[in-house]
Amino acid sequence: MLSDAHRRTLRDALVQEKQRILAQAPAETAYTRDRANRRGDTLDESSEEALFSDKMRLTERDQRLLTRVIEALQRLTAGVLDECKSCGDIIPHARLLARPTATLCRECQAEHED
């Protein structure tokens, strides 16, 4: 079970990550909006398309991360953040500090990756 201090530390880390993701969202939106107004030669357009594709992947990745952060905050509030979703064992505080959105203990994560 997480101590109050551990819960506060994890909540702070999750809230900071949520704020970071949300803070960069307007920049991503502005990039997408400005892209439609740019014109160049074929090589420029090709490079621009590759960059836009990378930006969209980052946006999708950040959307998935934001969902995981929100779910982790909900699990923290419910008092189950440190419970492995697979086996029910405790996820060590050190693992949660390294990856606050972790839902599996190390053993289950290793099995999941195989």
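Model, not experiment: these values are computed from the prediction.

A. A look at a negative patch on the surface. On the surface, Asp89, Glu107, Glu111, Glu113 and Asp114 cluster together into a negatively charged patch. On the secondary structure map, glutamate 111 appears in helix H4 (residues 106–113). For glutamate 111, a relative accessible area of 60% gives the class exposed.

B. Summary view of the environment of proline 100. Within the fold, proline 100 resides in the loop between helix H3 (93–98) and H4. Looking at proline 100, the relative accessible area reads 16%, which means it is buried. For the pair proline 100 and leucine 73, spaced 27 residues apart in the sequence, the C-alpha separation amounts to 9.2 Å. Excluding anything up to four places from it in sequence, proline 100 contacts Leu10, Ala13, Leu14, Ala72, Arg75 and Leu81.

C. Inspection of the pattern of salt bridges at higher detail. Taken as a whole and judged by the stated rule, the model has three salt bridges. For aspartate 4, the salt bridge is made with arginine 7, and the minimal N-O distance between the two is 2.3 Å. With aspartate 4 and arginine 7 both in helix H1 (residues 4–35), this residue pair falls three residues apart, about one helical turn. Classification of aspartate 4 by relative accessible area gives partly exposed; the value is 49%. In this structure, arginine 20 engages glutamate 17 in a salt bridge whose closest nitrogen and oxygen atoms are separated by 2.8 Å. Of the two residues, arginine 20 and glutamate 17 are both situated in helix H1; the distance of three residues between them amounts to about one turn of the helix.

Conventions we followed
- Position numbers for residues count from 1 along each chain, tracking the sequence in the order it is written.
- Per-residue local features of the predicted model are confined to residues with pLDDT of at least 70, and side-chain atom pairs are confined, for both listing and counting, to 80 or more; whole-chain, interface and lining totals are unaffected and use all residues.
- Water and hydrogen atoms play no part in the side-chain values, which are based on all heavy atoms of the structure.
- Residues forming no salt bridge and having over 30% relative accessible area are the ones grouped into patches, like charges within 9 Å of each other and nonpolar side chains (Val, Leu, Ile, Met, Phe, Trp, Tyr) within 5 Å.
- Using a 1.4 Å probe, accessible areas were evaluated by the Shrake-Rupley method; residue-level cover was limited to the displayed protein chains.
- Within this document, salt bridges are pairs made up of a side-chain nitrogen of Lys or Arg and a carboxyl oxygen of Asp or Glu, the two lying within 4 Å of each other.
- Counted as positive: Lys and Arg. Counted as negative: Asp and Glu, with His and the chain ends omitted from the count.
- Lysine's charge is taken at NZ, arginine's at CZ, aspartate's at CG and glutamate's at CD.
- Going along the chain from the N terminus, every DSSP run of H or I of four or more residues is numbered as a helix, and every run of E of two or more is numbered as a strand.
- Relative accessibility thresholds used throughout: buried, under 20% of the residue-type maximum; exposed, over 50%; partly exposed, between the two (1.4 Å probe, protein chains only).
- Whether two residues touch is decided by their heavy atoms; if any such pair falls within 4.5 Å, the residues are in contact.

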